[in-house]
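Architecture at a glance
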Amino acid sequence: MQLHVFNHVKNKKTTENTERRREFLKMKFPLYYQRVITESLRTYYPELGNNPVASPHLHKWIWELSEALRNENLYKQGMYYQQRELTAAYLAFLFPQSFMKINAILNELYSLNNTAFFEHDQYHIADIGCGIGASTFGTIEFFKAMKKDIVLHFDAIDYNKEPFELMREMSKDSNYFRNTNFAFIHNDIEKIASRSGRKCDIIILSLVLGEIESKISIIALIRKLMKHLTETGMLIIIEPALQESSKNLILLRNKLISYNVSILSPCLNEQPCPLTYSAQHWCYREIAWTPPASMEYLNRKLFREINTLKFSYLVIANNTRKGCRGGPMRPPNKIDANSDIPFQAEKELDLKNLYAFRAISFPKKQKGEYIIKACDSSCTIRVIELLHKDITDANKQFLELSRGDLFFLLDTALSEATIRLSSGTGIYNLQICKHLSPFIPRGSIK
Ligand SMILES: C[S@@+](CC[C@H](N)C(=O)[O-])C[C@H]1O[C@@H](n2cnc3c(N)ncnc32)[C@H](O)[C@@H]1O
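Because the structure is a prediction, the values reported are computed rather than measured.

So, about the state of the cysteines. Applying the stated rule across the entire model yields zero disulfides. Here cysteine 267 is not cross-linked by a disulfide; its sulfur's nearest cysteine counterpart is in cysteine 283, at 6.3 Å. Between cysteine 379, a cysteine without a disulfide, and cysteine 375, which holds the nearest cysteine sulfur, the sulfur-to-sulfur distance is 5.5 Å. Judged by relative accessible area, which is 12%, cysteine 379 ranks as buried.

On to the pairing of strand β18 (residues 426–429). Sheet faces and side chains relate simply in a regular strand, where the side chains alternate between the two faces. On β18, burial covers both faces: Gly426 and Tyr428 on one face and Ile427 and Asn429 on the other are all buried. In this sheet, β18 lies alongside strand β16 (residues 406–410) in antiparallel orientation, the contact comprising four bridges. Of the residues in β18, the one forming a bridge with leucine 410 is glycine 426.

Structurally, leucine 225 can be placed in helix α9 (residues 218–226). Along the chain, leucine 225 and arginine 195 lie 30 residues apart, while their C-alpha atoms are 9.6 Å from each other. Sequence-distant contacts of leucine 225, defined by excluding residues within four places in its chain, comprise Ile128, Ile189, Ala193, Ile203, Leu205 and Leu235.

With that settled, consider the packing of α9 against helix α10 (residues 243–256). Two elements in contact, α9 and α10, have axes separated by 10 Å at closest approach and are oriented at 60°. One way to sum up the angle between α9 and α10 is to call them oblique. In the packing of α9 onto α10, the handedness of the crossing is right-handed. Counted together, Ile218, Ile219, Ile222 and Arg223 of α9 and Leu252, Lys255 and Leu256 of α10 form the full contact between these two elements. Split by residue class, the contact of α9 with α10 holds five nonpolar, no polar and two charged.

Close to the ligand lie 22 residues; Tyr90, Gly129, Asp158, Asn160 and Ser206 are nearest. At 2.9 Å, a side-chain N or O of serine 98 approaches an oxygen atom of the ligand. Within the backbone of glycine 129, one N or O atom sits 2.7 Å away from a nitrogen atom of the ligand. Within the residue set of the shell around the ligand, elements represented by two or more residues are α5 (84–112) and α6 (134–146). Looking at side-chain class alone, the shell around the ligand contains ten nonpolar, nine polar and three charged residues.

Quick look at the confidence of the model for the protein chain now. If pLDDT is low for a region, its predicted coordinates should not be looked at in detail. Per-residue confidence for the protein chain averages 82 on the pLDDT scale, and 79% of its residues sit at or above 70. Note on residues 1–10: pLDDT under 50 across the span, and one contact to partners over four residues away in sequence or across chains. Note on residues 322–348: pLDDT under 50 across the span, and 96 contacts to partners over four residues away in sequence or across chains.

A word on the packing of aromatic side chains. Applying the stated criterion across every chain, the model contains 27 aromatic pairs. A ring pair is formed by phenylalanine 177 and phenylalanine 182, whose centres lie 6.0 Å apart and whose planes are at 70°; its orientation type is edge-to-face. Since its relative accessible area comes to 5%, phenylalanine 177 is described here as buried. Here the basic side chain of arginine 168 rests over the ring of phenylalanine 184, its NZ or CZ set 4.5 Å away from the ring centre. In this structure, arginine 223 packs its charged tip against the face of tyrosine 259, placed 3.7 Å from the ring centre.

What counts, and at which threshold
Residues numbered from 1 in each chain as written. Predicted model: local features only at pLDDT ≥ 70, side-chain atom pairs only at ≥ 80, totals over all residues. Heavy atoms only, no water. Disulfide = S-S within 2.5 Å. Buried < 20%, exposed > 50% of the residue type's maximum accessible area, 1.4 Å probe, protein only. Helix = DSSP H or I, 4+ residues; strand = E, 2+ residues; numbered from the N terminus. Pairing = 2+ DSSP bridges. Contact = heavy atoms within 4.5 Å. Axes fitted to C-alpha atoms, helices over the stretch in contact; angles between N-to-C directions. Parallel < 35°, antiparallel > 145°, perpendicular 65-115°, else oblique. Left-handed = near helix turned anticlockwise from the far one by under 90°. Nonpolar A, V, L, I, M, F, W, Y, C, P; charged D, E, K, R; others polar. Near = heavy atom within 4 Å. Polar contact = N/O pair within 3.5 Å; in protein donor to acceptor, adjacent residues only side chain to side chain. pLDDT = per-residue confidence, 0-100. Phe/Tyr/Trp six-rings, centres within 6.5 Å; stacked < 30°, edge-to-face > 60°. Lys NZ or Arg CZ within 6 Å of the ring centre and 35° of its normal.

Listed below in structure tokens is the structure:
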């Protein structure tokens, strides 16, 4: 009886801590860019007045943009960018989301540090279908946080030239962007893919594949683009979290693995994806974040789900890239007890018997237990269970997992498709422990 009371109190405390942690660890849109958005709206759209977010015009334009994105004619090839009002709506409402998505992907790759990729002093990056540069700025912000004085060369490429004007305005702070060079290139993705030119460390295609009208197949286009990568370079594709987009991305991935392409993320293996596209399961990420206050204000009448970033994505590299083939990934061998992770004590991880998983669902509460579905390096979809009575400090991060998170289990048997965590099973969620050092190279787990 005493034990029962103790468990009840302990679980209540665990839930409260989980909530606090969740709130604290949410990604936040940088204040600097909140100001840049407001300033750019004021400068380019004087009709919105001094407080653009409060203007009924902007609300109306956001509504029109969401309608335009449903309209095939306006949607194709980014035609909405030819209407200046819709560009303002993109800036106020969609820019912050695209910004954070690329930032989250780069953060995870950095935490895993598969190669010496992040040790360069300068990077050449092509953001194809850049629009007003959400992914460009999200990437700059990532590199700024990672390493000071890194030099970035961006090719901002788009089929429409109209958004470049706004992007130029947003990058005019010569102090903030002192180490960043921008080249604005008005061209079609297919022409860019076919021509020869400087090799890139990163090529970004954020929310582009669904819009382009290409004479060649997407797979042929991607293969052409991959020839533009440096030996260690990577191509990052971001698509909506919709079932159809995610499925198309998986089909693309399944074809690419037969063409000597390495899958860096989100998969932990390079076999055909085991997901059958049922209504319940498809592969995408859901990251809780704190949207800018302006977005929350604008959403008061739109009622969109804006507190979670949802997207599907794929990070690929040429197979010639050394030391970064797909397969089991390792977390860092040490988790810093820095001020960003107040609840996380410094720990040395025992790397023996440590396995990586990608969550493809949220932890679901069932009678007496939580369960989650996750994919692993053997390309098996596992059901991972944690009984309420077995929740401890070692495994409580299980409850904080989100769809698409990469996590690691310590000391667990992998013989069955269903894994039951014990009270002693350690679990590390990379999304949560994201300020990590030192990093160890990825390779197969001995
Ligand atoms: C949804 S927007 C994405 C903008 C930005 N990448 C982001 O994530 O917010 C799609 C962009 O792709 C561009 N685009 C569409 N078709 C293109 C093509 N064939 N070649 C180059 N860019 C294209 C559009 O002009 C538009 O700017």
